[in-house]
Amino acid sequence: MGPSSVAWALHYSPSLARPTNSAAPPLSKTASPAEQCIPFLISLLLFLKTIDDACRDRSPRLAAAMYYLSPHVQPWLLDQSGHQATSRGVTSTATMAATTSRSLALALLCAILLLAGGAAAASGGDMRRMMDRFHAWRATHNRTYATAGERQRRFEVYRRNVEHVEATNRRGDLSYQLGENQFTDLTSDEFLAAHTMPPGQALAAREAFMRRLNATTRAAGGLVVAEHDGNGHDSSYSDDAFFGQVPYSVDWRTSGAVTPVKHQMSCGSCWAFAAVASIESLYKLRTGRLVSLSEQELVDCDHTPTDSGCAGGDPASAMWWVARNGGLATACEYPYESKQGQCRRGRVRVGWIRGGAAVESNSEAALELAVARQPVVVCINADTLQHYKSGVLSGPCAAGINHAVTVVGYGADAGASRYWIVKNSWGDGWGEGGYVRMERRVAAREGLCSIASMPYYPVM
């Protein structure tokens, strides 16, 4: 072993540099297994180099090298009689060769310890960063938990949701982005239970809608739906020629006909919010006054069989309740409480309507015609909306409906992606300021997430 090799060992393993006849300093009792392995690995590399040199050239370099290596190598270099090699570092090449495999095994063990220690340290660092991120998220959303156990459980849910969000965004082939919001510490089941309608209630709403659709005449609503060819397809909806009948894009927000986004909170009252939003917009279009109306009055007072307060309801039934009761109280007079209470009936009635009418089911063309004239209530499947942040949502969506929202326009982005502009009721911290853009003109006749399955609008 040449001088350069010895100098390298002295530089990277200071414990090898010692005066003659001095005892090898013991490893620190507080050192980790990985830290204890470092000098041994360095020594072992030099030791194996020494064996190679000795096999080629039995020169005095062997003894000189072993002088430096012995404090770390000797404990593992035992001859067959069990005696330690001499302190002068003189041992036979055969003995060293015989112990090489054992040394390699020990080196492998140390390497594993080093790798495991490094991985654990990295994992611990990642977990600390995630915990810091969770604390920041809690501060942003003013979230507290009753116990330390619940806080830990919510952290685990938050961590899994963040990992899902980041993995989805890394795909790079989607037209939308996911992100953190007020629902990031909820499981999917918890989110759906608290912020959408129960499946049974949604089914009741669907059945009620179909009955009204069969009873609705074109004269009642004044909206003309797209005609069909003999095969049941929209004859005017095969290409852009359809846009000769309606504007290329519509956004009722720019006309001042849409109230600010509201928040239903942990109450399945989306049906009331969707119905009220459409009535507010129609009232503005007919009278020039934009007034925020009371969803709470519907939650408390509408006892139509299909409407059950925070347990879900039918937006169409809600419109007819408003028609029968001479309008609604204002949101200021009858504020939202996120729970069903005793009916108080506001004194001031605003937003009187004659009733509601259905848009042809399972026809995005008919829905475009309707939205071109006024905002329209639709029911969708909201299973994939929990983490939506921005962009044009393109699915996938499960079958069925569990949430009511209001379509307030439609358009297309620079990439020619056609979309619906949908007003939600989960607050302005969700999505694009409380809105979601959903892909329009998809292959499925019911539209993306069943958006065209049961549209309904108020009539004044």
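Keep in mind that this is a model prediction, so the values were computed, not measured.

> How would you explain the packing of helix α9 (residues 270-287) against helix α11 (residues 315-324) if you had to name every residue and give the values?
Here α9 crosses α11 at 55°, and the two axes come no closer than 8 Å. Relative to α11, α9 is oriented oblique. Our pair here, α9 against α11, has a crossing hand that is right-handed. Contacts between α9 and α11 involve Trp-271, Ala-275, Ser-278 and Ile-279 from the former and Pro-315, Ala-318, Met-319 and Val-322 from the latter.

> Which residues make up the pairing of strand β4 (residues 376-380), and what values do they have?
Each regular strand carries side chains that alternate between the two faces of the sheet. With five of five residues buried, β4 is to be regarded as a mostly interior element. Residues of β4 alternate between two faces, with Val-376, Val-378 and Ile-380 on one and Val-377 and Cys-379 on the opposite face, all of them buried. Relative to strand β6 (residues 403-412), β4 runs antiparallel, the two being bridged by five bridges. Looking at β6, one finds that Val-377 is bridged to Thr-406.

> Could you give me a rundown of helix α12 (residues 364-371), with the residues and numbers involved?
For α12, a buried count of eight out of eight residues is recorded, marking the element as mostly surrounded by other parts of the structure. Against the buried residues of α12 lie β2 (250-251), β4, β6, β7 (418-423) and β8 (435-439).

> Account for the pattern of salt bridges, naming residues and giving values.
The tally for this structure, following the rule as stated, stands at 19 salt bridges. The partner of Arg-344 in a salt bridge is Glu-337, with the nearest N and O atoms 3.6 Å apart. Residue classification places Arg-344 among the partly exposed positions, given a relative accessible area of 45%. Accessibility expressed as a relative area gives 37% for Glu-337, which makes it partly exposed.

> Can you break down the confidence of the model for the protein chain residue by residue, with the values?
Mean pLDDT for the protein chain: 78, with 63% of residues reaching 70 or above. Note that residues 1-30 has pLDDT below 50 and, in this model, 36 contacts with residues that lie over four places away or in other chains. The low-confidence segment residues 58-70, where pLDDT is below 50, has 29 contacts with residues more than four positions distant or belonging to other chains.

Reading the values: rules and limits
- Residues numbered from 1 in each chain as written.
- Predicted model: local features only at pLDDT ≥ 70, side-chain atom pairs only at ≥ 80, totals over all residues.
- Heavy atoms only, no water.
- Axes fitted to C-alpha atoms, helices over the stretch in contact; angles between N-to-C directions.
- Helix = DSSP H or I, 4+ residues; strand = E, 2+ residues; numbered from the N terminus.
- Parallel < 35°, antiparallel > 145°, perpendicular 65-115°, else oblique.
- Left-handed = near helix turned anticlockwise from the far one by under 90°.
- Contact = heavy atoms within 4.5 Å.
- Buried < 20%, exposed > 50% of the residue type's maximum accessible area, 1.4 Å probe, protein only.
- Pairing = 2+ DSSP bridges.
- Salt bridge = Lys/Arg side-chain N within 4 Å of Asp/Glu carboxyl O.
- pLDDT = per-residue confidence, 0-100.

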